[in-house]
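Structural description and commentary
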Amino acid sequence: MQTSLKDTTKLYNGVEMPWIGLGVFKVNDGEEVVQSVKAALSNGYKSIDTAAIYGNEEGVGQAIKDSNIPREELFITTKLWNSDQGYESTLNAFETSIQKLGLDYLDLYLIHWPGKDKYKETWKAFEKLYKDGRVRAIGVSNFQIHHLEDLMSSSEIKPMVNQVEYHPHLTQSELLSFCKKEGIQLEAWSPLKQGQLLKDPTLEEIARKYNKSVAQVILRWDLQNGVVTIPKSIKEHRIIENANIFDFYLEDEDMERISGLNIDSRAGSHPDTMSIGF
């Protein structure tokens, strides 16, 4: 059982990844993202998740620098955007991201979306970055089972992480089972469905039972399902609240009730239709 923000899951290559981190999707570069990341780091977070397309890698890097926390204590993730897929373009995009972040290496680098026909070529560049020691772990985002099977059919190194939209309205049970079987760590983006779940009556009832917020109940459900989670907030009190999930445990019946809310409903794009155009 996870008991603190310091707790980690061990990826199949031995790298330790925190169970909970801060996501910075749609957080403006500059002061907003700097203060959000600083608030997380000052309250015990070790994991920060950004992406090239977010346009805030420089601000994330500034906050990391300002924190004075030793680099080896942090776990920093960024993602390759769709238009940069391909072997050479991936290597170039990586250099751009690492320079913006002001880092010598990444802890985790992800292919942001599968697309149609370039992810295998892109993955070869990821494997090179991993072998060269530029990245401690490599993975994918928004890959479904068929994408993973196709990628692994020709890859030398299989993904260590698959970051997907995951919440009580989109439990993706088959994908979770597949990833567990393959030793791929599932990670949740938009764990609160961009706030859409916070007024759900069932979740409100369960939250009252444990004297917790709906957000805390959902994030605890993630962890008990073995899923890493990266809730986003720019408010320090929410950042603190989101991490205050290590002092209670959801009973099996409540875990099942939450999972029973699944309606296969997404807040974001579907990976198979998002692939059109690149």
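Below you will find a few notes about this structure. Keep in mind that what you see is a predicted model, and the values were worked out from it rather than measured.

Examined against the element boundaries, Thr 122 turns out to sit in helix α4 (residues 119-131). Exposure remark for Thr 122: the relative accessible area of 0% places this residue in the buried category. When residues no more than four places from it in sequence are discounted, the contact partners of Thr 122 are Leu 80, Gln 85, Gly 86, Thr 90 and Ile 111.

The phi dihedral of Gln 172 is positive, around 45°, even though this residue is not glycine. Relative to the helices and strands, Gln 172 is located in the loop between β8 (161-165) and α6 (173-182). Its identity is not glycine, yet Gln 194 carries a phi of approximately 55°, on the positive side. Tracing the sequence through the fold places Gln 194 in the loop between β9 (185-189) and α7 (201-210). Looking at Gln 194, the relative accessible area reads 48%, which means it is partly exposed.

This next bit is on the layout of surface pockets. Considering only enclosed or pocket space, the largest pocket measures out at about 880 Å³ in volume. Forming the boundary of the largest pocket are 39 residues, of which Phe 25, Ser 190, Gln 194, Gly 195 and Lys 232 lie nearest the centre. With three residues, helix α9 (residues 236-243) is the largest single contributor of residues to the lining of the largest pocket. For the lining of the largest pocket, the residue count by class is 18 nonpolar, 13 polar and eight charged.

What follows concerns helix α10 (residues 252-259). Those residues of α10 that sit buried are Asp 254, Met 255 and Ile 258. Along α10, the residues classed as buried sweep out an arc of 105° about the axis, all on the same side. Away from its buried face by more than 90 degrees, α10 exposes Asp 252 and Glu 256. Looking at the buried residues of α10, the elements they touch are α7 and α8 (214-224).

All right, on to the packing of α4 against helix α5 (residues 145-152) then. One can describe the packing of α4 onto α5 by two numbers: an axis separation of 10 Å at closest approach and a directional angle of 60°. On the basis of their axis angle, the class for α4 and α5 is oblique. Judged by the twist between their axes, the crossing of α4 over α5 is right-handed. Residues Tyr 119, Lys 120 and Trp 123 of α4 lie in contact with α5, whose contacting residues are His 147, Asp 150 and Leu 151. For the contact of α4 with α5, a count of residues per class yields three nonpolar, one polar and two charged.

This part covers the sheet that holds strand β7 (residues 138-141). Think of a sheet as strands paired side by side through backbone hydrogen bonds, with each pair either parallel or antiparallel. If you walk across this open sheet you meet the eight strands as β3-β4-β5-β6-β7-β8-β9-β10, and the pairing is parallel. In this open sheet, the two strands that pair with only one neighbour each are β3 (22-23) and β10 (228-229).

A few words on the environment of Ser 213. Among the secondary structure elements, Ser 213 is positioned in the loop between α7 and α8. Note: C-alpha distance between Ser 213 and Asp 272 (59 residues apart in sequence) is 34 Å. Once residues lying within four places of it in the same chain are set aside, the contact partners of Ser 213 are Ala 207 and Glu 241. There is a polar contact of 2.9 Å between the side chain of Ser 213 and the side chain of Glu 241.

Moving on, we come to α6. Within α6, the full set of buried residues consists of Leu 175, Leu 176, Phe 178 and Cys 179. Take α6 and look down its axis: the buried residues cluster within an arc of 165°, on one side only. In α6, those exposed residues whose orientation departs by more than 90 degrees from the buried face are Glu 174, Lys 180 and Lys 181. Where α6 is buried, its residues contact α5, β8 and β9. A positive backbone phi angle near 75° is found at Gly 183, which sits one or two residues after α6.

Another point: the packing of aromatic side chains. Counting across every chain of the model gives seven aromatic pairs. Considering the side-chain rings of Trp 123 and Phe 126, the 5.6 Å spacing of their centres and the 20° angle between planes classify their relative orientation as stacked. Residue Trp 123 and its partner Phe 126 are located together in helix α4, separated by three residues, close to a single helical turn. Grouping residues by exposure puts Trp 123 and Phe 126 together as buried.

About the thresholds
Residues numbered from 1 in each chain as written. Predicted model: local features only at pLDDT ≥ 70, side-chain atom pairs only at ≥ 80, totals over all residues. Heavy atoms only, no water. Helix = DSSP H or I, 4+ residues; strand = E, 2+ residues; numbered from the N terminus. Buried < 20%, exposed > 50% of the residue type's maximum accessible area, 1.4 Å probe, protein only. Contact = heavy atoms within 4.5 Å. 1 Å grid on protein atoms, 1.4 Å probe; cavity = no way out; pocket = protein on both sides within 12 Å on 5 of 7 lines; lining within 4 Å. Points joined across faces, edges and corners; volume = space filled by probe spheres on them. Nonpolar A, V, L, I, M, F, W, Y, C, P; charged D, E, K, R; others polar. Arc of directions from axis to C-beta. Axes fitted to C-alpha atoms, helices over the stretch in contact; angles between N-to-C directions. Parallel < 35°, antiparallel > 145°, perpendicular 65-115°, else oblique. Left-handed = near helix turned anticlockwise from the far one by under 90°. Pairing = 2+ DSSP bridges. Polar contact = N/O pair within 3.5 Å; in protein donor to acceptor, adjacent residues only side chain to side chain. Phe/Tyr/Trp six-rings, centres within 6.5 Å; stacked < 30°, edge-to-face > 60°.

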